[in-house]
Amino acid sequence: AQSVAQPEDQVNVAEGNPLTVKCTYSVSGNPYLFWYVQYPNRGLQFLLKYITGDNLVKGSYGFEAEFNKSQTSFHLKKPSALVSDSALYFCAVRPREDSNYQLIWGAGTKLIIKP
Amino acid sequence: NAGVTQTPKFQVLKTGQSMTLQCAQDMNHEYMSWYRQDPGMGLRLIHYSVGAGITDQGEVPNGYNVSRSTTEDFPLRLLSAAPSQTSVYFCASSYKVTGFGAQYFGPGTRLLVL
């Protein structure tokens, strides 16, 4: 079965330090890859996507993600964390051949940035 | 643009009651979907639609019904509420082709079934 794994339920980072939120996937072919963020009591917001091309994708709020085809990973990164980055982060994948446009979701990683 | 709107924001139901969660988008998106979010389980797809008049089941469709009479609206109906349907419900929409699947989410409806 196709799946997306976010191996860490929670990631703790000190403000100003770099952060990484991990995502690996088990999906056939070359899927489209996404990161979303959810702030408390809010809906999910689209952060960035990988469709094709450069393996490093830049998105909103200074976030970027690195696609690694051999490791089937799409880790979210930020060079210097802010307290306001504290939120729930979801990785999602869409198989390219899926004509129903459905996303396969990871379970989410809670990111806590400490001052 | 208002984006994706959902009403109500919060609802309490008794077991067996029915209700409709409203979702509307003003971006002319073809694709719309309903998810439920439960702690530790991420997002689970309930129903989705790839255009007006077309709906299909997702991962957890039992106990829910949808229709898509217009491009803008995609209501979710709970036929006979059960405590297991206590959850936060999100509606999302996207362009079918140009968005590659990047979805826009509403603010959510928090539902408590007693």
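Check the entry above for the structure.
What comes next concerns the included structure. In this text, all values refer to a predicted model and were calculated from it rather than measured experimentally.

Cut-offs applied
- Residues numbered from 1 in each chain as written.
- Chains lettered and ligands numbered in written order.
- Predicted model: local features only at pLDDT ≥ 70, side-chain atom pairs only at ≥ 80, totals over all residues.
- Heavy atoms only, no water.
- Helix = DSSP H or I, 4+ residues; strand = E, 2+ residues; numbered from the N terminus.
- Rg over C-alpha atoms; globule rule 2.2 N^0.38 Å.
- Buried < 20%, exposed > 50% of the residue type's maximum accessible area, 1.4 Å probe, protein only.
- Contact = heavy atoms within 4.5 Å.
- Areas by Shrake-Rupley, 256 points an atom, 1.4 Å probe, with all protein chains shown as cover.
- Buried area = accessible area lost by both parts, 1.4 Å probe.
- Salt bridge = Lys/Arg side-chain N within 4 Å of Asp/Glu carboxyl O.
- Polar contact = N/O pair within 3.5 Å; in protein donor to acceptor, adjacent residues only side chain to side chain.

## Remarks on the overall build of chain B
Along chain B, the regular secondary structure elements total zero helices and eleven strands. Its C-alpha atoms give chain B a radius of gyration of 13 Å, within 12% of the compact-globule value 13 Å for 114 residues. C-alpha extents for chain B along the principal axes are approximately 40 × 30 × 25 Å. The 114 residues of chain B split such that 49% are buried. Within chain B, contacts between residues separated by at least 24 positions form 54% of all contacts whose residues are at least 6 apart in sequence. Summed over all atoms, the accessible surface of chain B reaches about 5,100 Å², with 53% contributed by carbon and sulfur.

## Digging into unusual backbone geometry
Glycine aside, the phi torsion of most residues is negative, and most peptide linkages are trans. Note that the residue after Thr 7 of chain B, namely Pro 8 of chain B, is joined by a cis bond; omega there is -5 degrees. You can see Pro 8 of chain B is positioned in the loop between strand E1 (4–7) and strand E2 (10–13). Although it is not a glycine, Asn 41 of chain A adopts a positive phi angle of roughly 60 degrees. By the secondary structure assignment, Asn 41 of chain A is in the loop between strand E5 (32–38) and strand E6 (44–50). Under the relative-accessibility criterion, Asn 41 of chain A is labelled exposed at 66%.

## Some points on the interface of chain B and chain A
Each partner contributes to the interface: chain B provides 20 residues, whereas chain A provides 21 residues. Carbon and sulfur atoms supply 57% of the area buried between chain B and chain A, which totals about 1,700 Å² over both sides. At the surface where chain B touches chain A, the tally comes to zero salt bridges. For the side of chain B that touches chain A, the secondary-structure elements that each account for two or more residues are strand E4 (31–37) and strand E5 (43–51) of chain B.

## Concerning the environment of Arg 44 of chain B
Residues and elements named next belong to chain B. Its location among the elements puts Arg 44 in strand E5. Arg 44 gets classed as buried once you look at its relative accessible area, which sits at 17%. Taking the C-alpha atoms as reference points, Arg 44 and Tyr 95, separated by 51 residues in sequence, lie 20 Å from one another. Polar contacts involving the side chain of Arg 44 include one to the side chain of Asp 38, which spans 2.8 Å.

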